[in-house]
Amino acid sequence: MSILRKRLNEFDDVLNTDEIDMVSLGKICFHGIPDEGGLRPLCWKLLLNYLPPTRSSWSETLNRKRELYNTFIEDLIVMPGESNADDKERVDVTLHDHPLNLNPDSKWQTYFKDNEVLLQIDKDVRRLCPDISFFQQGTDYPCQKIVSANGQQRLHHRVQHTVLKSANVERKGLGVTKIAVSVRKATEDYAPLAEGGEAHWEVLERILFLYAKLNPGQGYVQGMNEIVGPIYHAFACDPDQAWREHAEADTFFCFTNLMGEIRDFFIKTLDEAEFGINSMMSKLTNQVKTNDPEVWMRLHQQELCPQYYSFRWLTLLLSQEFPLPDVMRIWDSLFADEDRFSFLIHICCAMILLLRDQLLAGDFATNVKLLQNFPSMDIQIVLSKAAALAGKIL
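Residues numbered from 1 in each chain as written. Predicted model: local features only at pLDDT ≥ 70, side-chain atom pairs only at ≥ 80, totals over all residues. Heavy atoms only, no water.

With an unreviewed UniProt entry as reference, the chain is termed TBC1 domain family member 13, source organism Dinoponera quadriceps. Quoted verbatim from the Function (unreviewed entry) field of the UniProt record, the comment on the chain reads "Acts as a GTPase-activating protein for RAB35. Together with RAB35 may be involved in regulation of insulin-induced glucose transporter SLC2A4/GLUT4 translocation to the plasma membrane in adipocytes." (UniProt positions renumbered as here; feature names shortened; annotations may be inferred.)

Right, let's talk about the overall build of the chain for a bit. Looking only at helices and strands, one finds 18 helices and zero strands in the chain. The buried share of the chain, reckoned over its 394 residues, is 52%. Contacts spanning at least 24 positions in sequence make up 75% of the contacts within the chain whose residues lie at least 6 apart. With the model as given, the accessible surface of the chain reaches about 18,300 Å², and the carbon-plus-sulfur share is 51%. (Helix = DSSP H or I, 4+ residues; strand = E, 2+ residues; numbered from the N terminus. Buried < 20%, exposed > 50% of the residue type's maximum accessible area, 1.4 Å probe, protein only. Contact = heavy atoms within 4.5 Å. Areas by Shrake-Rupley, 256 points an atom, 1.4 Å probe, with all protein chains shown as cover.)

Relative to the helices and strands, Pro230 is located in helix α8 (residues 224-236). On the basis of relative accessibility, which here comes to 3%, the residue Pro230 falls in the buried class. Pro230 sits 101 residues away from Trp331 along the chain, and the two C-alpha atoms are 9.1 Å apart. Excluding residues within four positions of it along the chain, Pro230 makes contact with Trp44, Leu324, Val327, Met328 and Trp331.

All told, the structure shown has 15 aromatic pairs when counted by the stated rule. Note on Phe134 and Tyr232: the rings are 6.1 Å apart at their centroids and 50° apart in plane angle, and the pair reads as tilted. A residue pair is termed long-range when its members are at least 10 positions apart, and Phe134 in the loop between α5 (107-125) and α6 (144-147) and Tyr232 in helix α8 qualify at 98 residues. Across this residue pair, the class does not change: Phe134 and Tyr232 are buried. One aromatic cluster is present, built from ring pairs that chain together Tyr50, Tyr69, Phe72, Phe252 and Phe253. Over the face of the ring belonging to Phe235 we find Lys45, whose NZ or CZ atom lies 3.7 Å from the ring centre. Between Lys392 and the ring centre of Phe30, over which it is positioned, the NZ or CZ distance is 4.6 Å. (Phe/Tyr/Trp six-rings, centres within 6.5 Å; stacked < 30°, edge-to-face > 60°. Lys NZ or Arg CZ within 6 Å of the ring centre and 35° of its normal.)

Turning our eyes to something else, we now look at the nonpolar core. In terms of nonpolar packing, the biggest core is built from 115 residues, with Leu25, Trp331, Ile347 and Ile352 touching the most fellow members. Counting residues per element, this core draws most heavily on helix α15 (residues 342-353), at 10 residues. When residues of this core are assigned to domains, at least three fall in each of domain 1 (37-81 + 102-162 + 192-266) and domain 2 (268-390). Setting aside residues no more than four positions away along its own chain, Ile347 makes contact with Leu318, Ile330, Leu334, Val382, Leu383 and Ala386. (Core = buried A, V, L, I, M, F, W, Y, C linked by side-chain atoms within 4.5 Å. Domains from an automatic or database assignment.)

The description of two helices packed together rests on the angle between their axes and the distance between the axes. Following both chains from N to C, one finds helix α4 (residues 58-76) and helix α10 (residues 247-262) inclined at 95°, their axes separated by 9 Å at the closest point. Classed by the angle they form, the pair α4 and α10 counts as roughly perpendicular. Contact residues: α4 offers Leu62, Lys65, Arg66, Leu68, Tyr69, Phe72 and Ile73, while α10 offers Glu248, Ala249, Asp250, Phe252 and Phe253. When its residues are assigned to classes, the contact of α4 with α10 shows eight nonpolar, no polar and four charged. (Axes fitted to C-alpha atoms, helices over the stretch in contact; angles between N-to-C directions. Parallel < 35°, antiparallel > 145°, perpendicular 65-115°, else oblique. Nonpolar A, V, L, I, M, F, W, Y, C, P; charged D, E, K, R; others polar.)

On to the pattern of salt bridges, then. Going through the model one piece at a time under the given rule, you end up with 16 salt bridges. Among the ionic pairs, Asp250 bridges to Arg66, the shortest N-O distance being 2.8 Å. Separated by 184 residues along the polypeptide, Asp250 in helix α10 and Arg66 in helix α4 bring together distant segments of the chain. Using a relative accessible area of 12% as the deciding quantity, one classes Arg66 as buried. The partner of Lys145 in a salt bridge is Glu74, and the shortest N-O contact between them spans 3.7 Å. Residue Lys145 is located in helix α6, and its partner Glu74 is located in helix α4; the two are separated by 71 residues in the primary sequence. Among the residues examined, Lys145 registers a relative accessible area of 39% and is labelled partly exposed. When its relative accessible area of 44% is taken as the criterion, Glu74 is described as partly exposed. (Salt bridge = Lys/Arg side-chain N within 4 Å of Asp/Glu carboxyl O.)

Mapping Leu316 onto the fold places it in the loop between α13 (310-315) and α14 (324-336). Residue classification places Leu316 among the buried residues on the basis of a relative accessible area of 0%. Linking Leu316 and Gly223, residues 93 residues apart in sequence, is a C-alpha distance of 6.5 Å.

Okay, the packing of helix α3 (residues 39-47) against α8 next. The interhelical angle for the contact between α3 and α8, taken along N-to-C directions, is 130°, at an axis separation of 8 Å. Considering their axes alone, α3 and α8 lie oblique with respect to each other. Relative to α8, α3 is oriented so that their crossing is left-handed. Judged by residue contacts, Pro41, Trp44 and Lys45 of α3 engage Pro230, Ile231, Ala234 and Phe235 from α8. Its residues placed into classes, the contact of α3 with α8 shows six nonpolar, no polar and one charged. (Left-handed = near helix turned anticlockwise from the far one by under 90°.)

Spelled out as structure tokens, the structure:
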């Protein structure tokens, strides 16, 4: 029996039960989910707590969540003066509301405020993962509520992309902290598809916009597009058409659950919290010091602070440091991590230690460039090193 067949059988044994053993599922997913068999979308839905372990409740859960998402689209993509979904009659808001109305409750004020957030989302999703063509391609399942509304509900129509400044969106909280997202950028923005169709990036734009609307305390922060992208890619490529058709709604809730676990990274006032970004960077620095004092001392003497490189690594779950297939393999282990992302520290430490010779030989400028642009490397080497640091076998 081949190794792949053996691995697939292990997943079959765990997944084809009435009550899925989540501990067993985590253990086999930690070692990587095979690309064959379409297992990753289902496993991620379970590991991200979107689907319950009890198989008999899946249908009810999925129907309820997907209907709720449709409600979000109907209620939260506000276009003043558009047709009312219930009576199909045009709502004349001009008697009580108009674009110059300064009332905070004005639909027009909400519309303009939303567009400020939408500007950044639109910019970010148009340049997601340019090394692959997937996000520029059309989905087989465009949202009919959107594409059949004469284009007026399509979010990219609401913003003039060319007037957007290049500044990053800052995280919520006091002070200025920017997530440098500069590794993989398209030379030109992706173009929207013709009326009646939607590109995958347009779907992501809607997901992120709705997330920002439903989470006003956090809103949208640049980099969230890098988190939602791999999840949506996995779900939209599910070989099972019945699952693939609902990739948008399923992605929204899995992304929301994931953000619930890493939200501290994106809120500056929580930087010093137990799972805040500063705490994570301190843990990384301490782990490097413990495992290779010489490398730690070199970085320390050069005053090469972890903020210069690991802030992005940790905040974006390494989604910008590796090609998408490698990112998805990394996330198999991260989502399966029983300590919830403690393995992320081990991976980041492994990345530094694997560059030991270059770091010891390089000056400050060379080392900053090296760490900010991690060289191409077999991801299994990185993960095996990380597992060894964690006292595990991978």
